[in-house]
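# Chain and residue survey
Residue strings, one per chain:
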Amino acid sequence: MPTPVESGTSELRDPRDPRDPFDVAVVGAGPAGLAAAVTAAAGGRSVLLLDAGERPGGQFWRHPPPAPGSAEGEDTVRVHHDGARFAALRRALAHHVARGRLTHRPGHQVWLVTRDEDGFLIESTPVHPGTAPVTRRARARALILCPGAADRQLPVPGWTLPGVMAAGGAQALWQGQRALAGRRVLVAGTGPFLLSVAGGLAEAGARVVGVWEAGSPRAWASRLPAVARVPAKAVEGLGHVATLARHRVPYLTRTVVREVLGEDRVRAARPARLDAAGRPGPAGDEVPVDLVALGWGFTPSLELPLQLGAATRLDADGSLVVTVDDEQRADIPGLWVAGEATGVGGAALGVAEGTLAGLSAAGRPTEGRAARRLRARIAAHRAFARAMHLAHPVPAGWSDWLRDDTVVCRCEEVDAATVRAAHDTLGADDARTVKMLTRCGMGWCQGRVCGLATALLASHHAGRAPTEADLAATAARPLAFPVTLGELAELGDEEGGFGGDAVGAGEG
Amino acid sequence: MNDDRRTGDHSRTDDASRTGDHSRAHGDRGAHGDRRAEEEGARSLTLHFEGRALPARPGQTVGGALVAAGVTAWRTTRGRGRPRGLFCGIGLCFDCLLTVDGRPDRRACLEPAVDGMRLTVTNPGEHPRADEEAPDADAR
Ligand SMILES: Cc1cc2nc3c(=O)[nH]c(=O)nc-3n(C[C@H](O)[C@H](O)[C@H](O)COP(=O)(O)OP(=O)(O)OC[C@H]3O[C@@H](n4cnc5c(N)ncnc54)[C@H](O)[C@@H]3O)c2cc1C
Ligand code: FES
């Protein structure tokens, strides 16, 4: 009997039976994960595709739900970019689901992955649970992690006011559900993504009063060869510039938000110019706004790879990413990683990496012409991404715009003075110790938002550059998502690790 | 206990009300869902936020409907008593928590709007989460 929502093999596998695991499990149905899943299925493998999203597409191909009466997957979905590729991937997904080779499990967040001699154990819970906690376990011989990334943030005075949002989040609200989070909008931070957000919100009817870009366009000039290798990216960028020009959106470079003003919600923002050393000057005049959309690039979501102990490195943008070989293999047997988690580089790169990972995980040849073309595309996109990262760094003097009472950790409301005191008076000189002493990064979001800032501040106070260890300390999450005690209890003792304490605390 | 067949079966029968396609999810809730299907695209849902009626469009999340109605904050922080609403917009920051039909700590930015839903303010900390209760978890 087919399930109403879950699409794929009709008989329910007993996911715990090690004699019948999936050949390949893929986490994430964004550009990378979709490509990986359909490629592995085309290679004859049984595939489980798990995704927190309700509809395939990830962050890039976000789209509103189907109109009443039509089904997801009908070719009515209009996405903002590269729709033909998305349509092809969705067709392939539907095809493999219909053939019973692929099980698509949307609306499930994976909170724990572990590995034993038989392969991988993947624990997930529904994003929208009923009243009873439910955890689902699946087994797979091979695992392809494609968890994507989140908007990268830096704290700034006033950023906790309602009306300050992550740039990608403001964009997602419009793209996914046609809700405008503000009418007078400022978009600020760094990177070409800001142009996309500003253009999208302007087209949606918001008045975009400015894009404040911390970087300088001249930084691209020395990197033109890398740009020339991916002409589509340059064309895309020019398209955004044209949109902004049409809406007369002022674009200021070497400019940052010095502070956001308001009492119970955003009222205005004040700019500052960056000097040559990346330090902010004095705050300029107030610009009235009701939405400030902030983005400093993206932070790859590494909690699942780190749960498995995958090796990592620091990428050109200073982000912690998973180290992979030329087939997207991590250093853990049976584990592949693709998309933003191996280095922020966008959707087209993710599709190429996901395809390569799918081929490799399915045991298909990765030496032929098609694979060589994939590798060439990956190399070109990586070169472009590197140029982008170097042209749009986190400003070296960013912490100068913090005040003592500026909140760094939004969840636990740890301010900049407390983080500094952890070093000055308590001697903490790495991110892990700062975290333990201040609870910075230990609230509900587990450092997803303040992790970068915590790592940067800890190393800055210690008078050195941030290390992999600083970033790993704020990126590792024992549970990828908060789960209830009931869900933990369902794990039972056999997995170990969460021992009697957690379960006992819940029952006691 | 950890009976996978049970949890598996449970998920199977329940999935339509929790995951996937919104129209099916609404359909499961009976008459409200049917009405929604007739009023295509219109602002056809009503949410009750702290006693106030708010319109929502099919396919919106609770958070989307709140900000579209001009409500930017609905939670107060534990430490400083400051207002919060949406920040990340994609389910990662947990700033947007509220109580939906009596279920605490739901993420407004992910929770699909359903006609007649009752939204109340959540005070985080009233419902401890597992990793706060499990000192072991952090040490791992
Ligand atoms: C809010 C936001 C908006 C963005 N908008 C754009 C845009 O408009 N244009 C653009 O060029 N780039 C955008 N990006 C950048 C984006 O990272 C890339 O363009 C591209 O989507 C990356 O592809 P990916 O497959 O690596 O990851 P993603 O597209 O991020 O897909 C990852 C998927 O994995 C799922 N996932 C992650 N962890 C888990 C877990 N533990 N359990 C279950 N599922 C999980 C996520 O829900 C998601 O569906 C955006 C990023 C963000 C964060
Ligand atoms: S706005 Fe971040 S979790 Fe909802």
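Since the structure is predicted, the reported quantities are computational estimates derived from the model, not experimental observations.

Moving on, we come to the overall build of chain B. Looking only at helices and strands, chain B has six helices and seven strands in total. Across chain B, helices and strands are ordered from the amino to the carboxyl terminus as α-α-α-β-β-α-β-β-β-β-β-α-α. Among the 140 residues that make up chain B, the fraction classed as buried is 54%. Taking all contacts inside chain B whose residues are at least 6 apart in sequence as the whole, residues at least 24 apart take part in 34%.

Of regular secondary structure, chain A possesses 16 helices and 21 strands. Across the 508 residues that make up chain A, the buried fraction comes to 58%. Long-range contacts, defined as pairs at least 24 residues apart, comprise 64% of the intrachain contacts of chain A with a sequence gap of at least 6. As displayed, chain A has an accessible area near 18800 Å², and 53% of this comes from carbon and sulfur atoms.

So, about the side chain of Thr190 of chain A. Residue and element names in this part refer to chain A. One can find Thr190 in strand E9 (residues 184-190). Within the structure, Thr190 has its side chain in polar contact with the side chain of His392 (distance 3.0 Å). Other than its neighbours up to four places away in sequence, Thr190 contacts Glu213, Ala214, Gly215, Gly295, Trp296, Gly297, His392 and Pro393.

Turning our eyes to something else, we now look at the pairing of E9 of chain A. All names here are of chain A. Burial analysis of E9 places six of its seven residues in the buried class, the great majority of the element. Looking at chain direction, E9 and strand E10 (residues 207-213) are connected through six bridges and run parallel. If you follow Val187 over to E10, its bridge partner there is Val211. Following the chain from E9 across helix H4 (residues 193-203) to the adjacent parallel E10, one finds a crossover that is right-handed. Where E9 meets strand E15 (residues 291-296), six bridges bridge the pair, whose relative direction is parallel.

This brings us to the nonpolar core. Inside soluble globular proteins, nonpolar side chains tend to come together where they are buried. Counting residues in hydrophobic clusters, the biggest one holds 88 residues, and the most contacted among them are Leu143, Val164, Val257 and Leu335 of chain A. At six residues, the largest contribution of residues to this core is made by helix H13 (residues 451-461) of chain A. Each residue touching Leu143 of chain A, except ones within four places of it in the same chain, is listed here: Ala25, Val27, Val113, Phe120, Ile122, Leu308, Gly334, Leu335 and Trp336 of chain A. Among the nonpolar cores identified, the runner-up in size contains 43 residues, and Leu291 of chain A together with Leu54, Leu86 and Val114 of chain B belong to it.

As a further point, take the sheet that holds E9 of chain A. All names here are of chain A. Sheet architecture is open: five strands sit in the order E8-E15-E9-E10-E11, paired in parallel fashion. Two strands lie at the open edges of the sheet, namely strand E8 (164-166) and strand E11 (251-253), each paired on one side alone. Sheet twist, expressed as the mean angle between neighbouring strand axes with direction ignored, is 20 degrees. Against the sheet, helix H3 (residues 167-177) contacts E8 and E15, and its axis sits at roughly 85 degrees relative to E8.

The next subject is H4 of chain A. Residues and elements named next belong to chain A. Most of H4 is tucked away: eight of the eleven residues are buried. Three or more residues of H4 are buried, namely Leu194, Leu195, Ser196, Val197, Ala198, Gly199, Leu201 and Ala202. Considering only its buried residues, H4 is in contact with H3, E9, E10, helix H7 (231-246), E11 and E15. Positive backbone phi, at 110 degrees, marks Gly205, one or two positions downstream of H4.

Residue and element names in this part refer to chain A. Structurally, chain A comprises domain 1 (22-150 + 299-366), domain 2 (153-296) and domain 3 (402-475). In this structure, domain 1 and domain 2 have C-alpha centres spaced 29 Å apart. Of the residues lining the interface, nine residues belong to domain 1; the matching set on domain 2 comes to six residues. In total, domain 1 and domain 2 occlude about 610 Å² of area from one another, counting both sides; carbon and sulfur atoms represent 52% of this. Summed over the shared surface of domain 1 and domain 2, the number is zero residue pairs in polar contact (both at pLDDT 80 or more). Partitioning the side of domain 1 that touches domain 2 into residue classes produces two nonpolar, five polar and two charged.

Rules of the game
- Residues numbered from 1 in each chain as written.
- Chains lettered and ligands numbered in written order.
- Predicted model: local features only at pLDDT ≥ 70, side-chain atom pairs only at ≥ 80, totals over all residues.
- Heavy atoms only, no water.
- Helix = DSSP H or I, 4+ residues; strand = E, 2+ residues; numbered from the N terminus.
- Buried < 20%, exposed > 50% of the residue type's maximum accessible area, 1.4 Å probe, protein only.
- Contact = heavy atoms within 4.5 Å.
- Areas by Shrake-Rupley, 256 points an atom, 1.4 Å probe, with all protein chains shown as cover.
- Polar contact = N/O pair within 3.5 Å; in protein donor to acceptor, adjacent residues only side chain to side chain.
- Pairing = 2+ DSSP bridges.
- Right-handed = clockwise from strand over helix to strand, strands pointing away.
- Core = buried A, V, L, I, M, F, W, Y, C linked by side-chain atoms within 4.5 Å.
- Axes fitted to C-alpha atoms, helices over the stretch in contact; angles between N-to-C directions.
- Domains from an automatic or database assignment.
- Buried area = accessible area lost by both parts, 1.4 Å probe.
- Nonpolar A, V, L, I, M, F, W, Y, C, P; charged D, E, K, R; others polar.

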